[in-house]
Amino acid sequence: MSITENVKQLLSELPPGVELVAAVKGRPPQEIAEAVAAGVKIIGENHVQQAERDYDIIGKNVTWHMIGHLQKNKAKAAARIFDMVETLDSLELAKVLAGECYRINKTMPILIEVNIAREDQKSGIMPEKADWLVSEIAKLPNLKVKGLMTVGPNVENTEDIKPYFAQAKKIFDRINSLIIPGVEMAYLSMGMSGSYRIAIEEGANLIRIGTNIFAEEDRHSQH
Ligand SMILES: *Cc1c(COP(=O)(O)O)cnc(C)c1O
């Protein structure tokens, strides 16, 4: 299948209200452009530098999401390029990003990344601290909390990720019920190529897909 066919197939599968983020992972701009032409509306970038390159080529016809860990020293460029940062996981980082957004008079929609399986090597805030981080970030100008994002653990059987996604949805619903001023819990970003169907079942409305769109094996094996 081509990138175009992959995107069309994915989009046709998505229930109403679920949006696709194409995780481009350093793919060449012409491949990204093909995905956009096929209907991708949101580009997910893991690195600010890569995003700067792609943004200059692809431009503003699409929406740009930061889905990788954001380093403080990249906050300035991130503030300029991105339409959403999905990976805020500390108040310190939030303050730096808010400062950079203030300088360019921009309000950045953000998601709080939750380390749902409490893995040492993963970024994201611990689940029990998510409420606290949301309410602290809500006090900052120039950032707008719009929901949660989680990556989830690597599991042997895809189905095993289900309870983690369910847990993320529970935290999402609980924070939503707190009705924190300035917080609008609109997005739950979870699910990747292997897990997006389960994620949607568990309440995701943003899914982040790379492999199923861009992987060479996928594209060539099915000819
Ligand atoms: C790479 C990546 C994805 C997409 O993963 P695939 O398995 O290739 O679909 C989603 N989210 C994040 C944060 C990623 O880094």
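Provided above is the structure to which this section pertains.
In this report, we go over the structure that sits alongside the text. The shown structure was predicted, so the numbers you read here are calculated from the model rather than taken from an experiment.

### Quick look at the pattern of salt bridges
Move 1: Enumeration according to the criterion identifies 14 salt bridges in this entry.
Move 2: We note a salt bridge from R118 to E128, for which the minimum N-O separation is 2.6 Å. Of the two residues, R118 sits in the loop between strand 5 (108-113) and helix 6 (130-138) while E128 sits in the loop between strand 5 and helix 6, which places them 10 residues apart along the sequence.
Move 3: The partly exposed category is assigned to R118, whose relative accessible area is 45%.
Move 4: With a closest N to O distance of 3.1 Å, E202 and K162 form a salt bridge. Of this pair, E202 sits in the loop between helix 8 (196-201) and strand 8 (206-209) while K162 sits in helix 7 (residues 162-178), placing them 40 residues apart in sequence.
Move 5: For E202, a relative accessible area of 16% gives the class buried.
Move 6: Of the residues examined, K162 reaches a relative accessible area of 25% and is grouped as partly exposed.

### Some points on the nonpolar core
Move 1: Counting residues in hydrophobic clusters, the biggest one holds 69 residues, and the most contacted among them are F82, L97, I110, I137, L143 and I213.
Move 2: Per-element accounting of this core gives the leading share, six residues, to helix 5 (residues 91-103).
Move 3: F82 has contacts with E45, V48, A51, W64, H65, M66, K106 and M108, leaving out every residue within four places of it along the chain.
Move 4: Counting residues in hydrophobic clusters, the runner-up holds six residues, among them V21, I42, M84 and L111.

### Side note on the site of the ligand
Move 1: If you check the shell around the ligand, you find A23, K25, N46, I67, M149, M192, S193, R208, I209, G210 and T211 and nothing else.
Move 2: With respect to the ligand, the side chain of S193 contributes an N or O atom lying 2.5 Å from an oxygen atom.
Move 3: Residue T211 places a side-chain N or O atom 2.5 Å away from an oxygen atom belonging to the ligand.
Move 4: If the ligand stood free it would expose 390 Å²; the protein chains cover 85% of that surface.
Move 5: Here the residues of the shell around the ligand sort into five nonpolar, four polar and two charged.

### Let's talk about the environment of K170
Move 1: With respect to the helices and strands, the residue K170 is situated in helix 7.
Move 2: Separated by 32 residues in sequence, K170 and E202 place their C-alpha atoms 9.7 Å apart.

### Concerning the packing of aromatic side chains
Move 1: One pass over the structure, following the stated rule, counts one aromatic pair.
Move 2: On the basis of an interplanar angle of 75 degrees and a centroid distance of 5.7 Å, the ring pair of Y55 and W64 is categorised as edge-to-face.
Move 3: Overall, the relative accessible area of 0% leaves W64 in the buried class.
Move 4: Over the ring of W132 we find K129, and its NZ or CZ is 5.2 Å from the ring centre.

### With respect to the environment of E159
Move 1: For E159, the position within the fold is in the loop between strand 6 (143-149) and helix 7.
Move 2: Of the residues examined, E159 reaches a relative accessible area of 48% and is grouped as partly exposed.
Move 3: A C-alpha to C-alpha distance of 8.1 Å links E159 and S195, two positions 36 residues apart in sequence.

The rules behind each value
- Residues numbered from 1 in each chain as written.
- Predicted model: local features only at pLDDT ≥ 70, side-chain atom pairs only at ≥ 80, totals over all residues.
- Heavy atoms only, no water.
- Salt bridge = Lys/Arg side-chain N within 4 Å of Asp/Glu carboxyl O.
- Helix = DSSP H or I, 4+ residues; strand = E, 2+ residues; numbered from the N terminus.
- Buried < 20%, exposed > 50% of the residue type's maximum accessible area, 1.4 Å probe, protein only.
- Core = buried A, V, L, I, M, F, W, Y, C linked by side-chain atoms within 4.5 Å.
- Contact = heavy atoms within 4.5 Å.
- Near = heavy atom within 4 Å.
- Polar contact = N/O pair within 3.5 Å; in protein donor to acceptor, adjacent residues only side chain to side chain.
- Areas by Shrake-Rupley, 256 points an atom, 1.4 Å probe, with all protein chains shown as cover.
- Nonpolar A, V, L, I, M, F, W, Y, C, P; charged D, E, K, R; others polar.
- Phe/Tyr/Trp six-rings, centres within 6.5 Å; stacked < 30°, edge-to-face > 60°.
- Lys NZ or Arg CZ within 6 Å of the ring centre and 35° of its normal.

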